[in-house]
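Single-letter residue listing:
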Amino acid sequence: MAKAAPLIIGQAHGAGFYVGDITDDGVKYHLIVAPKATGEAFKKWIDTTMVSTSKTNGPGNTAAILNNQTVTYPAAQFCADLRIGGFDDWYLPSKDELDVAYKARKALAAIGEAFADSYFWSSTEYSTVYAWYQTFYSGYPGYQDDSPKTNGNYVRAFRRLII
């Protein structure tokens with residue numbers, strides 16, 4: 001059996017766009033970002049507990065967030081509720097997954113799928129008050145006082161495919 005051709009950053013694939021790879025717990029994955037028109041929104045994170053601390057496992061973080069029934073989680077819920085191209089495995093990306101997408105920003109911009117020049121929530125918590133975010137105008141990942149979980153920031157849903 002012939003090997004499939006390698007994916008190219010920005011290539012349409014799996015109902016979204018390929019942005020790169022990540023290794024999580026010894027397994028390598030292709031990361032797919034949702035189309036901007038249907039997979040990006042401005043949402044609050046909202047939470048006062050710490051349940052999702054992985055820097056590489058967005059699906060696991062999203063599941064942990066949504067299984068914690070103490071409050072609603074608009075950012076994670078938006079991603080988990082998506083149904084795009086027949087796929088329902090969208091999730092709020094982890095800190096390191098967002099960094100992979102930041103590195104693909106020029107390829108995404110070239111095809112009209114750029115992230116907004118703003119803050120994007122990750123599913124990785126820093127504390128009970130802050131979650132990690134990624135800035136898409138500078139690439140800086142942060143959790144500073146300027147953006148507690150009760151603030152609104154952008155979210156963009158991801159999927160992952162085992163390589």
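Quantities reported herein were computed from a predicted structural model and do not represent experimental measurements.

A. Up close: the side chain of R160. Secondary-structure assignment places R160 in strand β9 (residues 158–162). In this structure R160 comes out as buried when scored by relative accessible area, which is 12%. At a separation of 3.1 Å, a polar atom in the side chain of R160 contacts the side chain of D24. Not counting residues up to four positions away in its chain, the partners in contact with R160 are I22, D24, Y29, H30, L31, T56, N57, G58, P59, Y91 and E97.

B. How the structure looks around the environment of D89. With respect to the element layout, D89 can be found in the loop between α3 (74–81) and α4 (95–103). Given the relative accessible area of 35%, D89 is considered partly exposed. For D89 and F158, which are 69 residues apart along the polypeptide, the C-alpha to C-alpha distance reads 8.4 Å. For D89, the residues in contact, after removing those within four places along its chain, are F158 and R159. Within the local environment of D89, its side chain forms a polar contact with the side chain of R159, the two groups lying 2.5 Å apart.

C. Structural view of the sheet that holds strand β3 (residues 27–33). Across the sheet, four strands lie side by side as β1-β2-β3-β9; this open sheet has antiparallel pairing. In this open sheet, the two strands that pair with only one neighbour each are β1 (12–13) and β9. The pairing of β1 with strand β2 (residues 16–24) spans two bridges and is classified as antiparallel. Note that in β2 the partner of H13 across the bridge is G16.

D. Just the pattern of salt bridges, in detail. Enumeration according to the criterion identifies seven salt bridges in this entry. Two residues, R159 and D89, come together in a salt bridge whose shortest N-O distance is 2.5 Å. Of this pair, R159 sits in strand β9 while D89 is found in the loop between α3 and α4, placing the two residues 70 residues apart along the sequence. Each of D24, E97 and R160 takes part in a single network of salt bridges with overlapping partners.

E. Fine view of the packing of aromatic side chains. Scanning all chains against the criterion turns up eleven aromatic pairs. Both rings, one in Y119 and one in Y137, keep their centres 6.2 Å apart while their planes meet at 65 degrees; by these two values the pair is edge-to-face. A residue pair is termed long-range when its members are at least 10 positions apart, and Y119 in strand β5 (residues 119–125) and Y137 in the loop between β6 (131–135) and β7 (141–142) qualify at 18 residues. Measuring from ring centre to ring centre gives 5.7 Å for Y126 and W132, while their planes differ by 90 degrees; the resulting arrangement is edge-to-face.

Quick notes on the rules
- Residues numbered from 1 in each chain as written.
- Predicted model: local features only at pLDDT ≥ 70, side-chain atom pairs only at ≥ 80, totals over all residues.
- Heavy atoms only, no water.
- Helix = DSSP H or I, 4+ residues; strand = E, 2+ residues; numbered from the N terminus.
- Buried < 20%, exposed > 50% of the residue type's maximum accessible area, 1.4 Å probe, protein only.
- Polar contact = N/O pair within 3.5 Å; in protein donor to acceptor, adjacent residues only side chain to side chain.
- Contact = heavy atoms within 4.5 Å.
- Pairing = 2+ DSSP bridges.
- Salt bridge = Lys/Arg side-chain N within 4 Å of Asp/Glu carboxyl O.
- Phe/Tyr/Trp six-rings, centres within 6.5 Å; stacked < 30°, edge-to-face > 60°.

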